[in-house]
Amino acid sequence: MKHYIITLLCCSSLMAAAQKKISGKILDEKAQQIPFASVTILRHTDSLKIHSLMSDTAGNFALSDMKEGKYLVKISYLGYEDYYSQVVELTEIRKHHHFGDIRLKTDSRLLNTVTISGQKPLIEQTLDRTVMNIEKSILAEGNTALELLSKAPGLTVTEGGEVSLKGRSGTTVMINGKPTYLSGDQLANLLKGTNSSSISRIEIMSNPTAQFDAAGSGGIVNIVMKKNTMTGFNGSISGNIGRGRDIRNGGGISLNYRSNVLNVYGSYNSNNQNLESGSKAGRHFFDSSNGSAPLLLQSIQQENKEFAKLRSHNFRFGTDLNINDKNTIGFLINGAIGKYPTSQVSSSMMNNPDGSFRWNALTQTEGDEHWRDLLYNLNYIHKFNKEGHELKADVDYVYHFSRMNQLLDTRYVDASSSPVRPSASRRGDIPSNNDIYATKLDYTLPLSKTSKLEAGWKGSYVRTENNLRYDTLQTGQYVYDASTSNHFIYKEHIQAAYINFNATLGNYGIQAGLRTEYTDTKGHQLSTDSLFKRDYAGLFPSLFLTRDIGENQNIKAGYSRRIKRPSYWDLNPFRVYDDPFAFYEGNPYLKPSIVNAFELSYGYQSHYFATLSYSHAGDVIEDQIGRLSDENVTFERPENLGSFSNYGLSITASTKFFKWWSGNQFLNIYHNRYRISSSTGTVNNNGNTLSLNSQNTFELGKGWKAELSAFYISGEATGITNIKPYSIISSGMQKEVLKGKGSIKLMLNDIFEGYRVRREMSFENVIFRNRRNADSRYGLLSFTYRFGGSTAGNSNERSTSSEELKGRM
């Protein structure tokens, strides 16, 4: 093995040495690195464009596989004067020309228009991810992070916070490369409380490399928050007001001071929404014990009306200190505080098999949920003498607390509203405490100008505690209900290490990685003194091959093996009641699910991409529905249902119909196939899905701009659930004011109220149908003002050691 590695490294170095190439590093006048600058190679004789590329995040660029000849190099970046080099000649003797540091001069003519012209396209497609640039989008204004994810290409999101990518559930959600450490309703509340005005972009990775945590069977979605890269003191302030079925408003402020030595930044955002929603549901119970067609025993028809008040406050503070050119240390605090009080009125009509009325249960449900999330991060970067040779370290502590106080009062009446049985009342206290400690090291070693080796280690410890108490009303007094109360403590240790090799050999590229993870878990149910233990190890390889075909085409093949661990919420066996006839409970016996994913993609002119994908998972984790024996109560519980296969084709196109009309169009066609184990044998649930996402921008001149977006999904099969078609069409208008430092935006979301999600769950002798009427149509008026410096500095966006864990809380 040792000799093989040495031979491989020698061959890579020799091949790199034989190539003719041009390279350099792009800086501003203050020696700050300039990422994503446009580099164009021109033929000397007629200035014909030969190649084009962009500098990386450190300002470096390199173009290999050049032919002999004379060239000019042009470098462009918004806010700076174009740079033109002297003639560069490559020969058999002089095979490599390195410019060293190239410093761009500020173009004073463009400084006032940077905020207008310097906008990235709304959707960008790279070889390893799709990027949705939110920061300047009109349609993003006033949305929550949960609503934004539902508009992103290839994503579908449930009200409960479950995210699927191209039909694959189990997608890990990160914020700034850090996991949210939440799942289910907790994750949904965090995303609802995160205002879109604080989001820069959303990165979607369907097939991540070994450098990322192996968790996330559906891939990774990374929400990147705004971070000011301007030097000096600067910031922005924003506010919005609008109405759906009730009033909503929000606002925020972001401040930043950046110098060559110190960067201090902070932000605060609030989001207030008064929401009204409704739903209709039907539960049908059957008897199939006689072996003939299932016989309907009874059914419950429900109607619900809910009033909710979302109040959230998110804040962020951090500092980066450049000790010297080689060492940087940083500290970061992320926080979220919120509450979500709800009041729900429901009617549950019990019917006989022939459809005749038996009785009606009228329920008033009051819920008062509040939460606190805090993340503390200490990070360090050491840069060695060689460019790109660096060591990164992160230490994280994450604290999450939430509590739901719940009261359900139910009256049972007949058709004349006369009581038919005693009233019932249930009172719940549902707290959750979570502590997470995580540390990681990442090391990068450049082997040559076109190859590098990456390696890293990560360790984490998680402790969650839920002490749930239910009381029921008995003869006028609330009495402790031991049968539904529960005290559960869960502990988890994960140790992980990875190695990743990345090289470019002429028109070919390779990235090969291997990650290993060891997991040790223990769940203690104190109410019954039951102990659940599990430990397992796994290897997670990944391989990506790319080839450039000429100047405008490329192909890529990729494979990765990933894991979906049960969320901490799913492992907790306590019950949470939706109403007197339905509850959700966890399952401490869940096993992790392993998924193997393959992709083959083709790109043309960096504007058109087509991807074929296939994935297969065993022991897939999905919700199962059931009925308590001889009762009218249904439950949902996560189970290892069986196996899951996904076949898909996705097409992305960046369009320019006219000079003033640009857009991005995304088409996704996939087939989901589930083989589900049941008491009667194996059951199949298959379904084909067509998903369309269109984002369009119209430049109207004189600071005016409009946007139009449309999303449609034809339905989807997921587990034992089938989702019916729905759509969202939104539009917005923007006017730049105050010499480009301010903007006024008007946005209309879900204009035709197409976001009416219908689903059907069917398993064994229970069928559940539901239609939700969400408060999704609203209008919003917003204003943003930017102030301070206007010279771009170096952005130190980074992920931390807590990347995957928070998404499972």
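Every value quoted in this text rests on a predicted model; they were computed, and no experiment measured them.

Peer 1: How would you sum up the sheet that holds strand β8 (residues 96–103)? Please name residues and give values.
Peer 2: Sheet architecture is open: three strands sit in the order β4-β1-β8, paired in mixed fashion. Two strands close off the open sheet at either side, each with one partner strand: β4 (60–63) and β8. Taking each pair of neighbouring strands and ignoring which way they run, the sheet shows an average axis angle of 10°.

Peer 1: Account for a nonpolar patch on the surface, with residues named and values stated.
Peer 2: Side chains of I241, I247, L700, W704, M733, L738, I744, L746, L781 and F783 sit close together on the surface and give an oily, nonpolar patch of about 880 Å² of accessible area. Of all the secondary-structure elements, those providing two or more residues to the nonpolar patch are β42 (742–749) and β45 (778–788). By relative accessible area, which is 33% here, M733 ends up partly exposed.

Peer 1: Report on the pattern of salt bridges, specifying residues and quantitative values.
Peer 2: Oppositely charged side chains can form a pair if their charged atoms are brought close together. With the rule as written, the count across this model stands at 25 salt bridges. For the salt bridge of D619 with K591, the shortest nitrogen-to-oxygen distance reads 3.8 Å. Of this pair, D619 sits in strand β34 (residues 608–627) while K591 sits in the loop between β32 (582–585) and β33 (593–604), and the two are 28 residues apart along the sequence. With a closest N to O distance of 2.9 Å, R756 and E753 form a salt bridge. With relative accessibility at 28%, the residue E753 sits in the partly exposed group. By sharing partners, the salt bridges in this structure join D213, K458, R515, E517 and R565 into a single network.

Peer 1: Before we move on, can you summarise the pairing of strand β5 (residues 69–76) with the specific residues and values?
Peer 2: Taken together, the six bridges between strand β2 (residues 38–43) and β5 define a ladder with antiparallel strand orientation. Paired with S38 across the two strands is S76, which belongs to β5. Bridge analysis of β5 against strand β6 (residues 83–84) gives two bridges, and the strand direction is antiparallel. Bridge pairing in β6 links I75 to Y83.

Peer 1: Account for the packing of aromatic side chains, with residues named and values stated.
Peer 2: Under the criterion given, the structure shown has 26 aromatic pairs. Judged by centre distance (6.3 Å) and plane angle (85°), the ring pair of F384 and Y443 falls under edge-to-face. Here Y443 lies in strand β24 (residues 419–448) and F384 lies in the loop between β22 (357–383) and β23 (390–413), a separation of 59 residues in the sequence. With a relative accessible area of 29%, Y443 lands in the partly exposed category. With a centroid separation of 6.1 Å and 25° between ring planes, the pair formed by W660 and W661 is classed as stacked. Residue W660 is classed as partly exposed on the basis of its relative accessible area, which comes to 42%.

Calculation notes
Every chain is numbered on its own, with residues counted from 1 as its sequence reads. Owing to the predicted nature of the model, reporting of local features is limited to residues with pLDDT of at least 70; listing and counting of side-chain atom pairs is limited to 80 or more, with chain, interface and lining totals taken over all residues. Each side-chain value is derived from all of the structure's non-hydrogen atoms; neither hydrogens nor water enter the calculation. Between any two strands, pairing holds if DSSP finds at least two bridges. Secondary structure counts use DSSP, requiring at least four H or I residues in a row for a helix and at least two E residues in a row for a strand, with both numbered from the N terminus. In this analysis, axes come from line fits to C-alpha atoms, helices being fitted only over the stretch in contact, and the angle between any two N-to-C directions falls in the range 0 to 180 degrees. Every patch collects residues that have over 30% relative accessible area and no salt bridge, joining them within 9 Å if they carry like charges and within 5 Å if they are nonpolar side chains (Val, Leu, Ile, Met, Phe, Trp, Tyr). Using a 1.4 Å probe, accessible areas were evaluated by the Shrake-Rupley method; residue-level cover was limited to the displayed protein chains. In the sections that follow, a salt bridge refers to a side-chain nitrogen of Lys or Arg positioned within 4 Å of a carboxyl oxygen of Asp or Glu. The cut-offs for exposure are 20% and 50% of the maximum accessible area for each residue type, with area from a 1.4 Å probe on protein chains only; residues under the lower value are buried, those over the upper are exposed, and the others partly exposed. Any two of the Phe, Tyr and Trp rings considered here, Trp counted by its six-membered ring, make a pair once their centres fall within 6.5 Å; the pair's planes then place it as stacked at under 30 degrees, edge-to-face at over 60, or tilted in between.

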